[in-house]
Amino acid sequence: MNQAAPDLTTHLIHHPYQPPADFVALQPAVHKASTVVFPNVAAMRERRWLDKSSYTYGLHGTPTTYQLEERLCTLEGGKQCLLVPSGLAAIATVSLSLLHAGDEVLIPDNAYGPNKSLAQAELLQWGIQHVFYDPMDVGDLAEKISKRTRLVWLEAPGSVSMEFPDLPAMVALCRARGVISALDNTWGAGLAFKPFDLHGDGSGSLGVDISVQALTKYPSGGGDVLMGSVITRDQALHLRLKLTHMRLGFGVSGNDAETVLRSLPSIALRYRAHDVAARELALWLQQHPAVAQVLHPALAGAPGHAHWQALCGPANGGQGAAAGLFSVVIDARHSQQQVDLLCDSLRLFKLGYSWGGPVSLVVPYEIESMRDRPVPHLLPGIVVRFNVGLEAVQDLRADLAQAMQKAFPA
Ligand SMILES: *Cc1c(COP(=O)(O)O)cnc(C)c1O
């Protein structure tokens, strides 16, 4: 019996045309797949994805995600990388993988808020305890590490209040006590300092065990992608995290991975531009009579400035490196309404969370409700955080000047 010609639909799905194989372009391709096909059953049984030697299923990696992982390892000085759907998912992957009932996790009191909420709401219901430590006191961390401590979170500087901790001392302490250290390296982005080489001498003799980043911020740089990474230097630790990652089903889209691959070549230039503009505006705001305190780790007098200087100071020919973020404390003699008026009056600075994209952003914060311990180094007043984008700095300064004038008329 003759086999009938396939139906048009089938023909469109199983089309015989194959483009020539010798296409070579500079930009990595977007590979999108759930299903990956095998030539035969034997190959299907043999394929391995754990060591990235091949492909089995879209969730376990494609050429696009493998390439992004390798470049991110280069950025941070790590050896293995996992991609997850957001920065928060990167934090969650680490905590969910390494903590079990009866364990304890230590989190800096100034940590990214959702990291604290994860511990308070999700981890606790599975019998995992958390303790918040003073990020500016290595002695406090030393006291709080107990026999049940399995993981110490670190962040440099802290979200919103921007204190820069003594990271090398804290990591050395974790090492000495045999506790895994995980750094939220979103601010440093692999550019301000090397998380796996905190002595900065290339020896790698002191480094965190895990560095997570919200790729959402500087690696994406566009404000249009949500993604996170979990980077390690130890294969056994990586495999532990990778199995949790696989079981939880965390994948990222090929289009998003390609967008980050497209942005990575300009990350150092962008980071430097954000940094230069942010420092200029922070210094300008420091002169304003309504501003009680400027919280930017590169500014003399800011909380943890000496620690920033030691770790990030040598970059950029001694100018140091910092992200485009800073906060100010508006003097307590001014009202919440005035601070709200400041934020509402800004035109180039938009009201919105996140950072790292081209557009400048502003957020007023209620710092008291975010902290579980007193914060003596913060002067009384209301905290406003600025993310400096890539607009011309003189336009941003003019925008700040007009809004400050409206909110705090001389
Ligand atoms: C934004 C951010 C995250 C979370 O990233 P998402 O991709 O928004 O989930 C984590 N840590 C820090 C310090 C951040 O700024």
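Calculation rules
- Residues numbered from 1 in each chain as written.
- Predicted model: local features only at pLDDT ≥ 70, side-chain atom pairs only at ≥ 80, totals over all residues.
- Heavy atoms only, no water.
- Patch = residues over 30% accessible without salt bridge, like charges linked within 9 Å, V, L, I, M, F, W, Y side chains within 5 Å.
- Areas by Shrake-Rupley, 256 points an atom, 1.4 Å probe, with all protein chains shown as cover.
- Salt bridge = Lys/Arg side-chain N within 4 Å of Asp/Glu carboxyl O.
- Helix = DSSP H or I, 4+ residues; strand = E, 2+ residues; numbered from the N terminus.
- Buried < 20%, exposed > 50% of the residue type's maximum accessible area, 1.4 Å probe, protein only.
- Pairing = 2+ DSSP bridges.
- Axes fitted to C-alpha atoms, helices over the stretch in contact; angles between N-to-C directions.
- Contact = heavy atoms within 4.5 Å.
- Expected span 1.5 Å × (residues − 1).
- Domains from an automatic or database assignment.
- Buried area = accessible area lost by both parts, 1.4 Å probe.
- Polar contact = N/O pair within 3.5 Å; in protein donor to acceptor, adjacent residues only side chain to side chain.
- Nonpolar A, V, L, I, M, F, W, Y, C, P; charged D, E, K, R; others polar.
- Left-handed = near helix turned anticlockwise from the far one by under 90°.
- Right-handed = clockwise from strand over helix to strand, strands pointing away.

A few points about a nonpolar patch on the surface
Residues Leu8, Leu12 and Ile13 make up a contiguous nonpolar surface patch of about 360 Å² in total accessible area. By secondary structure assignment, the location of Leu8 is in helix α1 (residues 8-13). Residue classification places Leu8 among the exposed positions, given a relative accessible area of 59%.

Overview of the sheet that holds strand β2 (residues 104-108)
One open sheet holds the seven strands; their spatial order is β1-β7-β6-β5-β4-β2-β3, and the pairing between them is mixed. Strands with a single pairing partner mark the edges of an open sheet, and in this sheet they are β1 (80-84) and β3 (129-133). In this sheet, neighbouring strand axes are inclined to one another by 20° on average, regardless of whether the strands run parallel or antiparallel. Here strand β4 (residues 149-155) runs beside strand β5 (residues 180-184); their pairing, made up of five bridges, is parallel. Bridged to Leu154 within β5 is Leu183. Helix α5 (residues 113-125) rests against β2, β3 and β4 of the sheet, and its axis sits at about 155° to β3.

Notes on helix α3 (residues 63-76)
Taking 1.5 Å of rise per residue, the 14 residues of α3 would be expected to cover 20 Å, and the 20 Å separating its terminal C-alpha atoms lies within 8% of that figure. The complete set of buried residues in α3 reads Thr64, Thr65, Tyr66, Leu68, Glu69, Leu72, Cys73, Leu75 and Glu76. The inward-facing, buried residues of α3 abut β1, β6 (210-214), β7 (228-232), α9 (254-263) and α10 (267-286). Gly77 sits one or two positions beyond α3 and adopts a positive phi of about 75°.

Describing the side chain of Asn115
Tracing the sequence through the fold places Asn115 in helix α5. Aside from chain neighbours lying at most four places away, what touches Asn115 is Leu88, Ile91, Ile107 and Trp153.

Focus on unusual backbone geometry
Residue Ala156 is joined to Pro157 through a cis peptide bond whose omega torsion reads -10°. Its location among the elements puts Pro157 in the loop between β4 and α7 (167-177). Backbone geometry places Val160, a non-glycine residue, at a positive phi of 75°. Classification of Val160 by relative accessible area gives buried; the value is 3%. Phi is positive for Ala189, close to 55°, though the residue is something other than glycine. Inspection of the secondary structure assignment puts Ala189 in the loop between β5 and β6.

With respect to the domain arrangement of the chain
Domain annotation for the chain reports domain 1 (41-265) and domain 2 (266-407). Contacts between domain 1 and domain 2 engage 39 residues on the former and 38 residues on the latter. Together, the buried faces of domain 1 and domain 2 total about 3100 Å²; carbon and sulfur atoms form 63% of this surface. Linking domain 1 with domain 2 are eleven residue pairs in polar contact (both at pLDDT 80 or more), by the criterion used here. When the residues that make up the side of domain 1 that touches domain 2 are grouped by side-chain class, the tally is 21 nonpolar, ten polar and eight charged.

Section: the sheet that holds strand β11 (residues 361-365)
To summarise the sheet geometry, strands pair through backbone hydrogen bonds and adopt either a parallel or an antiparallel arrangement. The mixed open sheet is built from five strands, whose spatial order is β8-β9-β12-β11-β10. Pairing within the sheet leaves two strands with one partner each, and these edge strands are β8 (291-295) and β10 (350-351). Set on the sheet, α10 makes contact with β8, β9 (325-331) and β12 (381-387); between it and β9 the angle comes to about 10°. Sheet strands touched by helix α12 (residues 336-345): β9, β10, β11 and β12. Its angle to β12, the strand with the most contacts, is close to 10°.

Thoughts on the packing of α3 against α9
Two elements in contact, α3 and α9, have axes separated by 9 Å at closest approach and are oriented at 35°. Here α3 runs over α9; the crossing is left-handed. Contacts between α3 and α9 pair Thr64, Thr65, Gln67, Leu68 and Arg71 from the former with Gly254, Ala257, Glu258, Val260 and Leu261 from the latter.

Describing the pairing of β3
Strand direction decides the pairing type here: β2 and β3, joined by five bridges, are parallel. Counted as the bridge partner of Pro108 is Tyr133 from β3. A crossover connection joins β2 to the parallel β3 through α5; in handedness this β-α-β unit is right-handed.

Quick look at the side chain of Lys116
By secondary structure assignment, the location of Lys116 is in helix α5. Looking at Lys116, the relative accessible area reads 4%, which means it is buried. Within polar-contact distance, the side chain of Lys116 engages the backbone oxygen of Met370 at 2.9 Å. Excluding residues that lie within four positions of it along the chain, Lys116 makes contacts with Ile107, Pro108, Asp109, Ala111, Phe132, Met370, Arg371 and Asp372.

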